[in-house]
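Descriptive analysis of the structure
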Amino acid sequence: MSLSNGMAGFLTTLPLLSFAVFSLFSAAIGDYFGKAKAIFLGLLVLGIGSMLRVSGGPYVLFIGTALTGIGIVICNVLLIPLVKARMPSKTGAVTGLYSTGMSLMAAIATAFSVPMAIDLGWGWRGSLLFWTSLLFAALIAWWPQLKLSPKPKVKPEKTSKSVWRSRLAWQVTMFMGIQSFLFFTLVTWLPDMMIERGLSPVEAGLTASLMQVVGLTGTFVAPFIAVKYQQQSIFNISIGILYIVGFTSLFIPILWLNIFSIGLVGLGMGASISLAYTLITLRTKGDNYTSALSGMAQSAGYFLAAFGPMLFGIAFDIWQDWDLLIYLMILASCMFTYFGYFAGKNKTI
């Protein structure tokens, strides 16, 4: 299948746009079906989209990719309030395991997809189909949850206050959005920056992978720390400082220091995503508010994530200066720290 550069670029942005748009409707879907059943539905949509992606031409590929985004975001938005409702005393542990599992499987898929396609001769379709087959295991594993989540017999009570009119909700949303902006912008452009500094494409890819692997520690540990305290402001500020130190060190043209700095940034990024999920549960009183805030935060977060790589790309086309990426990341880190301070205060919606 041959795609133009423009179509290929749109294909990578399409899932993020699907995430952003359908995050807004996921809470209503969960209210209608029950959260566990809605998550099962999301897994089915994800499976159908994954099958479509490998079964036809470019237009079918786009439709399938959009469906995978819809399925993923339904699961992402609703799993957070479901955990809060089912296991309120274990939100930190479950959020840490869930976030780490997502990051770990993404890293494994990234590492093995190309060898499957090339070395095993499966092609890109066969490689994608292999990962799609794991959805059957997920559906079977999730099936018992359906009995614990019957369809609501009465219409769920609406929240008395719209999260969109809450200052605290916007602070949590910006915290979520800026960490997404940081992650997707850096994942997109870091390898190119490191190639410009003298690394081979393989070495630059390994550097980006190192950032994500180191991040697994932060992803797992952060929720355990966060739930131990009534306020998370100091913890959020500490992660922001970690970002700022890591990014500032990238100005120094010493390879080992750059790699160490990227590791620090990766640790912060891993902690940020699971901490953002945890704050959604800690800053809300009931699971209806949790669902609404989860949809709001993830919608805005993925919109920001979609524009981050494009924003730097435009800036680089104009000024041809890789230091601009570092400046952009430092500015975003300062905003992350600012909103993290307020999102971490012991308040609820």
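Residues take numbers from 1 onward in each chain, read along the sequence in its written order. In view of the model being predicted, local features appear only for residues whose pLDDT reaches at least 70, and side-chain atom pairs are presented and counted only at 80 or more, with totals across whole chains, interfaces and linings using the full set of residues. With hydrogens and water stripped out, all remaining heavy atoms of the structure feed into the side-chain values.

The name an unreviewed UniProt entry assigns to the protein chain is Putative transporter YycB, from the organism Cyclobacterium qasimii.

For interface size, the figure often reported is the accessible area lost on association. For each domain, the first and last residues come from an automatic or database assignment. What the domain assignment reports for the protein chain is domain 1 (5-147) and domain 2 (163-344). Distance from the C-alpha centre of domain 1 to the C-alpha centre of domain 2: 21 Å. Each partner contributes to the interface: domain 1 provides 29 residues, whereas domain 2 provides 29 residues. Accessible area that two parts lose when put together, with a 1.4 Å probe and added across both, is what the buried area reports. The junction of domain 1 with domain 2 conceals about 2500 Å² of combined surface from both sides, 72% of it contributed by carbon and sulfur atoms. Considering only the side of domain 1, the residues that lose the most area to domain 2 are Leu16, Ile80 and Lys84, jointly responsible for 23% of the buried surface there. By definition here, a salt bridge exists when the distance from a side-chain nitrogen of Lys or Arg to a carboxyl oxygen of Asp or Glu is within 4 Å. Our count for the domain 1 to domain 2 interface comes out at zero salt bridges. Within 3.5 Å is the distance limit for a polar contact, defined as a pair of N or O atoms, with the added protein rule that one can donate a hydrogen and the other accept it, and that residues adjacent in sequence qualify only through two side-chain atoms. On the surface where domain 1 and domain 2 come into contact, there are six residue pairs in polar contact (both at pLDDT 80 or more). For the side of domain 1 that touches domain 2, the secondary structure elements donating two or more residues are helix H1 (5-33), helix H3 (58-86) and helix H4 (91-118). Secondary structure counts use DSSP, requiring at least four H or I residues in a row for a helix and at least two E residues in a row for a strand, with both numbered from the N terminus. With 12 residues, the top contributor of residues to the side of domain 1 that touches domain 2 is H4. Residue classes follow a fixed rule: Ala, Val, Leu, Ile, Met, Phe, Trp, Tyr, Cys and Pro count as nonpolar, while Asp, Glu, Lys and Arg count as charged, and any other residue, Gly among them, counts as polar. Here the residues of the side of domain 1 that touches domain 2 are counted per class, giving 16 nonpolar, 10 polar and three charged. Two residues form a contact once any of their heavy atoms are found within 4.5 Å.

With that settled, the discussion passes to empty space enclosed by the protein. Here a cavity denotes grid points, spaced 1 Å and computed from the protein atoms alone, that fit a 1.4 Å probe unable to get out, and a pocket denotes an open set having protein on both sides within 12 Å along at least 5 of 7 lines; residues with an atom within 4 Å of a point are the lining. Grid points are joined across faces, edges and corners, and a volume is the space filled by probe spheres set on the points. Under the criterion given, the structure shown has one cavity of 30 Å³ or more. Roughly 50 Å³ of internal volume is contained in the largest cavity. In this structure, the largest cavity is lined by Leu79, Ile80, Val83, Val94, Thr95 and Tyr98. When contributions to the lining of the largest cavity are tallied by element, the ones reaching two or more residues are H3 and H4. When its residues are assigned to classes, the lining of the largest cavity shows five nonpolar, one polar and no charged.

Right, let's talk about the environment of Leu250 for a bit. Residue placement: Leu250 occurs in the loop between helix H8 (233-249) and helix H9 (255-282). Counting along the chain gives 76 residues from Leu250 to Ile326, while the straight-line C-alpha distance between them is 7.2 Å. Among residues more than four places away in sequence, those in contact with Leu250 are Met193, Arg197, Asn258, Ser261, Ile262 and Ile326.

So, about unusual backbone geometry. At Gln320, a residue that is not glycine, the phi angle is positive and equals roughly 50°. Assignment of secondary structure puts Gln320 in the loop between helix H10 (287-319) and helix H11 (323-343). Residue classification places Gln320 among the exposed positions, given a relative accessible area of 52%. Only protein chains enter the accessibility calculation, which uses a 1.4 Å probe; a residue whose area is less than 20% of its type maximum is buried, one above 50% is exposed, and one in between is partly exposed.

Take the packing of aromatic side chains next. Two measures describe an aromatic ring pair: the distance that separates the ring centres and the angle between the ring planes. Classification of ring pairs rests on two measures: the distance between centres of Phe, Tyr or Trp rings, Trp counted by its six-membered ring, which must be within 6.5 Å, and the angle between planes, read as stacked under 30 degrees, edge-to-face over 60 and tilted in between. In this structure the tally under the stated criterion is 22 aromatic pairs. Ring geometry for Phe19 and Tyr302: centres 4.7 Å apart, planes at 55°, overall tilted. Here Phe19, found in helix H1, pairs with Tyr302, found in helix H10; they are 283 residues apart in sequence, far enough to count as distant. The exposure class of Phe19 is buried, given its relative accessible area of 10%. A ring pair is formed by Phe312 and Phe316, whose centres lie 5.8 Å apart and whose planes are at 40°; its orientation type is tilted. Here Phe316 and Phe312 lie together in helix H10, a separation of four residues that amounts to about one turn.

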